Amino acid sequence: MPELQRLRPDHAPAVLAFEKANRAYFAASVPDRGDAYFTDYPPRHEALLAEQAAGVCHFHVLVAEDTGEVLGRFNLMDVSAGTAELGFRLAEKATGRGLATTAVHDLFALCRTAYGLTALRARAAVRNTASRAVLRRAGFVETGEAVELNGEAGVALVRVLGAATT
């Protein structure tokens, strides 16, 4: 079973390989990151680690136990007052097996115990039915707030986690 790991410096090559291998797949449901994202990735990875060290964000990768390959990214961004925004992406070859839903549930435990979070927000493009389905299966509910994501219609969702314990 793949393992959810907190982002580390040594994950950089595997994360970049994951993003490159799935670029076209991701672009079918979310806007493409652009060529500069890939050519300038090492400093981006370092910036993510700095944000994580500051406690502003918590970044995670889903890693295949047998190969060490990154199969997904699960990020908690804009941490503030016990809440954060969840964003995630899963490799095309890893879809359809419940891995994203399981990883989100694993993240809930970290939110409560390690990060002191009591609620998560999420946004998804209306056309991104797969992400919306994962969020619904993980107990997120739509807030009714219409959002725009990179010029596209989207929905806002929330998931209350309960009291945090440390």
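Before reading further, recall that the structure is shown in the block above.
Overview of the structure. None of the values given here were measured: they were computed from a predicted structure. (Residues numbered from 1 in each chain as written. Predicted model: local features only at pLDDT ≥ 70, side-chain atom pairs only at ≥ 80, totals over all residues. Heavy atoms only, no water.)

## Some thoughts on helix α6 (residues 129-137)
Item 1. Within α6 the residues assigned to the buried category are S131, R132, A133, V134 and L135.
Item 2. The inward-facing, buried residues of α6 contact β4 (83-90), α5 (99-113), β5 (119-125), β6 (141-149) and β7 (152-160). (Buried < 20%, exposed > 50% of the residue type's maximum accessible area, 1.4 Å probe, protein only. Helix = DSSP H or I, 4+ residues; strand = E, 2+ residues; numbered from the N terminus. Contact = heavy atoms within 4.5 Å.)

## Things to note about the packing of aromatic side chains
Item 1. Scanning all chains against the criterion turns up six aromatic pairs.
Item 2. Residues Y37 and F38 carry aromatic rings whose centres are separated by 5.2 Å and whose planes lie at 80° to one another, so their mutual orientation is edge-to-face. When sorted by exposure, Y37 lands in the same class as F38, which is buried.
Item 3. Between F74 and F88, the aromatic rings sit 5.8 Å apart at their centres with planes inclined by 5°, giving stacked as the arrangement. Pair noted here: F74 is in strand β3 (residues 70-80) and F88 is in strand β4, with a separation of 14 residues, a long-range link. The residues F74 and F88 share a single accessibility class, namely buried.
Item 4. Linked through ring pairs, F18, Y25 and F26 together constitute an aromatic cluster. (Phe/Tyr/Trp six-rings, centres within 6.5 Å; stacked < 30°, edge-to-face > 60°.)

## Notes on the sheet that holds strand β2 (residues 58-63)
Item 1. Pairing is mixed in the open sheet, where seven strands are placed in the order β1-β2-β3-β4-β5-β7-β6. Taken across any chain shown, the strands that pair with only one partner, and hence form the sheet edges, are β1 (3-6) and β6. Taking the axes of each pair of neighbouring strands and ignoring which way they run, one obtains an average angle of 25° across the sheet.
Item 2. Where β5 meets β7, seven bridges bridge the pair, whose relative direction is antiparallel. Bridged to R123 within β7 is A156. (Pairing = 2+ DSSP bridges. Axes fitted to C-alpha atoms, helices over the stretch in contact; angles between N-to-C directions.)

## Overview of the nonpolar core
Item 1. Ranked by size, the top nonpolar core spans 47 residues in total, and within it F74, L76, L120 and F140 carry the most contacts.
Item 2. The leading source of residues in this core is α5, at seven residues. (Core = buried A, V, L, I, M, F, W, Y, C linked by side-chain atoms within 4.5 Å.)

## Re the environment of E148
Item 1. Inspection of the secondary structure puts E148 in strand β6.
Item 2. Sequence separation of E148 and A124 is 24 residues, and the distance between their C-alpha atoms is 9.2 Å.

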